[in-house]
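# Summary of structural features
Read off the chains here:
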Amino acid sequence: MSQRKDTEEHALDITGDRSGWWGAFAGVIAMVFVAVPISAAIGLATHPATQTLFSGERISEASQFGYSAFWWIVALVLIALPFGIGFLIAKASTRALQIVGAIVVLFVIAVIVLGQLFVF
C-alpha cells in the first residue's frame, strides 16, 4: 500500500514534445514555396545581362556590383525565410501562432480582394 502512495500519476500527453518536428515540417513547406524565387534571384545575381531586363527602372541605373549585391541579398533573405518560419513554429506558444496565423489569413484575404478590385 505504501508503494502505491509514493507513485505519481501523469496525464497522457499524446503530442509529446514534437514542436521541433512541426517547425522542421513548416520549414520544408516554406522552402517548397520559395525554391523558384530563390533560383530566380540567384540567376539574376549571377548573369550580368539580366540588368537590361529592367530598362526604365531605377534598378537598371545601378552599378553592376550594386545590381548583383541586391539580388544576392534577396536570395539570402529567401534562403533564411524557411529557417525563420521553422524556428518560429518550434519556439512560439500556441496563442502566438494563432495570432500570426490570423494575421496571415487576413493579409491573404486583403490581397485577394484588392487584386480583384484593381486588376480585373
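As a reminder, the structure under discussion sits directly above these lines.
By convention here, each chain's residues receive numbers from 1 onward along its written sequence. Side-chain atom pairs in this predicted model are given and counted only at pLDDT of 80 or more, local residue features only at pLDDT of at least 70, and totals for whole chains, interfaces and linings cover all residues. Processing note: side-chain calculations cover all non-hydrogen atoms of the structure and skip hydrogens and water entirely.

Helix and strand definitions follow DSSP, with helices as H or I runs of at least four residues and strands as E runs of at least two, each counted in order from the N terminus. The helix and strand tally for the chain stands at 4 helices and 0 strands. Each helix (α) and strand (β) of the chain, taken in turn from the N terminus, gives the series α-α-α-α. The proportion of buried residues among the 120 residues of the chain is 16%. Two residues form a contact once any of their heavy atoms are found within 4.5 Å. In the chain, 54% of the contacts between residues at least 6 apart in sequence involve partners at least 24 apart. Values of accessible area rely on a 1.4 Å probe in the Shrake-Rupley scheme; residue burial ignores everything except the protein chains shown. Accessible surface for the chain amounts to roughly 9900 Å². Of this, 71% is attributable to carbon and sulfur atoms. Working definition: with a 1.4 Å probe on protein chains only, accessible area under 20% of the residue-type maximum means buried, over 50% means exposed, and in between means partly exposed.

Let us now look at the packing of aromatic side chains. Here a Phe, Tyr or Trp ring, Trp counted by its six-membered ring, pairs with any other such ring whose centre lies within 6.5 Å, and the pair is stacked when the planes are under 30 degrees apart, edge-to-face when over 60, and tilted otherwise. In total, this model carries 3 aromatic pairs according to the counting rule given. Ring centres 6.5 Å apart and planes at 75° place the aromatic pair tyrosine 67 and tryptophan 71 in the edge-to-face group. Residue tyrosine 67 and its partner tryptophan 71 are both found in helix α3 (residues 64-91); the two are separated by 4 residues, about one turn of the helix. On the basis of relative accessibility, which here comes to 13%, the residue tryptophan 71 falls in the buried class. Relative to tryptophan 71, the ring of phenylalanine 70 has its centre 4.9 Å away and its plane inclined at 75°; by these criteria the two rings are edge-to-face.

Our next topic: the nonpolar core. Only buried residues count toward a nonpolar core. Its members are Ala, Val, Leu, Ile, Met, Phe, Trp, Tyr and Cys residues joined through side-chain atoms within 4.5 Å. Core analysis: the biggest nonpolar cluster contains 6 residues, these being Ala41, Leu44, Ala45, Tyr67, Trp71 and Ala75. Of all the secondary-structure elements, those providing two or more residues to this core are α2 (19-46) and α3. Dropping the residues within four chain positions of it, leucine 44 is found in contact with Thr50, Leu53, Phe54, Tyr67 and Trp71.

Before going further, it helps to spend a moment on the layout of surface pockets. Approximately 210 Å³ is the volume attributed to the largest pocket. Broken down by secondary-structure element, the contributors of at least two residues to the lining of the largest pocket are α2, α3 and α4 (94-119). For this classification, Asp, Glu, Lys and Arg are treated as charged, while Ala, Val, Leu, Ile, Met, Phe, Trp, Tyr, Cys and Pro are nonpolar and the rest, including Gly, are polar. Of the residues contributing to the lining of the largest pocket, the split by class is 9 nonpolar, 1 polar and no charged. The way it works is a 1 Å grid over only the protein atoms, where trapped points that fit a 1.4 Å probe form a cavity and open points with protein on both sides within 12 Å along at least five of seven lines form a pocket, and then any residue with an atom within 4 Å of a point lines it. Grid points are joined across faces, edges and corners, and a volume is the space filled by probe spheres set on the points.

Okay, the side chain of threonine 50 next. Topologically, threonine 50 is positioned in the loop between α2 and α3. Polar contact criterion, stated in full: a pair of N or O atoms within 3.5 Å, where within protein one must be able to donate a hydrogen and the other to accept it, and residues adjacent in sequence count only if both atoms are side-chain atoms. A distance of 3.2 Å separates a polar side-chain atom of threonine 50 from the backbone oxygen of leucine 44. Among the polar contacts listed, one links the side chain of threonine 50 to the side chain of tyrosine 67, at a separation of 2.8 Å. Dropping the residues within four chain positions of it, threonine 50 is found in contact with Leu44 and Tyr67.

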